[in-house]
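The primary structure of each chain is shown beneath.
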Amino acid sequence: MNCYVSLRERFEHSEKINRSLFIVNASHCDSENKCKEFIQKISDEYPDASHNCWSYYVDNSETRKNYSDAGEPSGTAGSHILGSVEALELKNIAVVVTRYFGGIKLGIRGLIDAYGGVTTRGLENARKALFCPGIIVVFVMDYSSWDTFNRIFKENSDYNKRNITYTDKVSVSIAVKVQMLKKIKNFAEKRDIPYKLENNVTFIEPIV
């Protein structure tokens, strides 16, 4: 899986369009189940809304996309919420757009513009981050190898140190991005340094 851009935190944005109130709620969700849980949570927060339209886009080992017009005329809401997400190149995200009807009918074109537009404007202003898959690697090596490792690889750039123990050897646990794993494994294998792969992790780098 490659790096992708998504939201750093749950985000909310609201606008009034022709007296109807539209509320966008969005969140980073890295599985289809988490997306569904978020959609249900927001729907439960606005039980008296006219509509809670939604979409999600999950792209991990396989791509999952879905959307709902939630009672609005077919083709006017969910697919355009998803279209805004895709246009902004965001992944692993769920979006719910809540509408409180204000008494003025918007028509098909008006609904399409409202749902797509409010989603785009909201997500453009949301705080985002680059999410990169990684893995924990555990090594046991002598001190000269550890010194060499630190000359070749840079902490907080190529890897993040997790735990380290100094005895007659250096035992170290590091987190590395998947894209760096082959290079680090080659380092260990060429020097007969034992290592093991442990848990998967995610590197999150804020986008300013």
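Residues numbered from 1 in each chain as written. Predicted model: local features only at pLDDT ≥ 70, side-chain atom pairs only at ≥ 80, totals over all residues. Heavy atoms only, no water.

Engineer: Please clarify how the overall build of the chain should be interpreted in this entry.
Structural biologist: A count of helical and extended segments in the chain gives five helices and 10 strands. Against the 2.2 N^0.38 benchmark of 17 Å for 208 residues, the chain shows a C-alpha radius of gyration of 23 Å, more extended than a compact globule. In terms of its C-alpha atoms, the chain occupies a principal-axis envelope of roughly 75 × 30 × 25 Å. Of the contacts made within the chain by residues no fewer than 6 positions apart, 71% connect residues no fewer than 24 positions apart. Counting every atom, the chain has about 11,000 Å² of accessible surface; 45% of that belongs to carbon and sulfur. In the chain, 28 positive and 26 negative side-chain charges are present, and the distance between their average locations comes to 3 Å. (Helix = DSSP H or I, 4+ residues; strand = E, 2+ residues; numbered from the N terminus. Rg over C-alpha atoms; globule rule 2.2 N^0.38 Å. Contact = heavy atoms within 4.5 Å. Areas by Shrake-Rupley, 256 points an atom, 1.4 Å probe, with all protein chains shown as cover. Lys, Arg positive; Asp, Glu negative; His and termini not counted. Charge placed at Lys NZ, Arg CZ, Asp CG, Glu CD.)

Engineer: Honestly, the sheet that holds strand β6 (residues 93-100) in this entry has me stumped. Any pointers?
Structural biologist: Strand pairing in a sheet takes place through backbone hydrogen bonds and is either antiparallel or parallel in direction. An order of β2-β3-β6-β4-β5 is seen for the five strands of this open sheet, with the pairing classed as antiparallel. Sheet topology places β2 (11-17) and β5 (63-68) at the edges, where each strand pairs with a single neighbour. In this sheet, neighbouring strand axes are inclined to one another by 10° on average, regardless of whether the strands run parallel or antiparallel. The sheet contact formed by β2 and strand β3 (residues 20-28) spans seven bridges and is antiparallel. (Pairing = 2+ DSSP bridges. Axes fitted to C-alpha atoms, helices over the stretch in contact; angles between N-to-C directions.)

Engineer: When you look at the state of the cysteines in this model, what are you seeing that I'm missing?
Structural biologist: One way to say it: the disulfide is the covalent bond shared by the sulfur atoms of two cysteines. Following the criterion strictly, the structure yields one disulfide and no others. Here C3 connects covalently by a disulfide to C132, the sulfurs 2.1 Å from one another. Residues C3 and C132 share a disulfide whose torsion about the S-S bond is about 120°; that sign makes it right-handed. Pair noted here: C3 is in the segment before β1 (4-7) and C132 is in strand β7 (residues 128-141), with a separation of 129 residues, a long-range link. Note on C132: relative accessible area 2%, which makes it buried. (Disulfide = S-S within 2.5 Å. Buried < 20%, exposed > 50% of the residue type's maximum accessible area, 1.4 Å probe, protein only.)

Engineer: Which parts of the structure should I look at to understand the packing of helix α2 (residues 78-87) against helix α3 (residues 107-124)?
Structural biologist: Pairs of packed helices are described in terms of their axes, by the angle between the two and the distance that separates them. Where α2 meets α3, the axes come as close as 8 Å, and the angle between the chain directions of the two elements is 30°. Remark: the crossing between α2 and α3 carries right-handed chirality. Taking contact as the criterion, the partners of H80, I81, S84 and V85 in α2 are, on α3, I112, Y115, G116, T119, T120 and L123. The residue makeup of the contact of α2 with α3, split by class, is five nonpolar, five polar and no charged. (Left-handed = near helix turned anticlockwise from the far one by under 90°. Nonpolar A, V, L, I, M, F, W, Y, C, P; charged D, E, K, R; others polar.)

Engineer: Looking at this structure, I do not really get α2. What am I missing?
Structural biologist: Since the α-helix advances by 3.6 residues per turn, residues separated by three or four positions end up pointing in the same direction. All of the buried residues in α2 are G78, I81, L82, S84 and V85. Down the axis of α2, the smallest arc covering the buried residues is 155°, so these residues share one side. Where α2 is buried, its residues contact β4 (51-59), β5, β6 and α3. Once α2 finishes, E89 follows within two positions and takes phi at roughly 60°, a positive value. (Arc of directions from axis to C-beta.)

Engineer: In this structure, what is going on with the environment of D69? I would like to understand it.
Structural biologist: Relative to the elements of secondary structure, D69 occurs in the loop between β5 and α2. Remark: the alpha-carbon pair of D69 and R151, spanning 82 residues in sequence, is separated by 56 Å. Setting aside residues no more than four positions away along its own chain, D69 makes contact with C53, S74, G75, T76, A77, G78 and S79. A polar contact is formed between the side chain of D69 and the backbone nitrogen of A77, at a distance of 3.1 Å. (Polar contact = N/O pair within 3.5 Å; in protein donor to acceptor, adjacent residues only side chain to side chain.)

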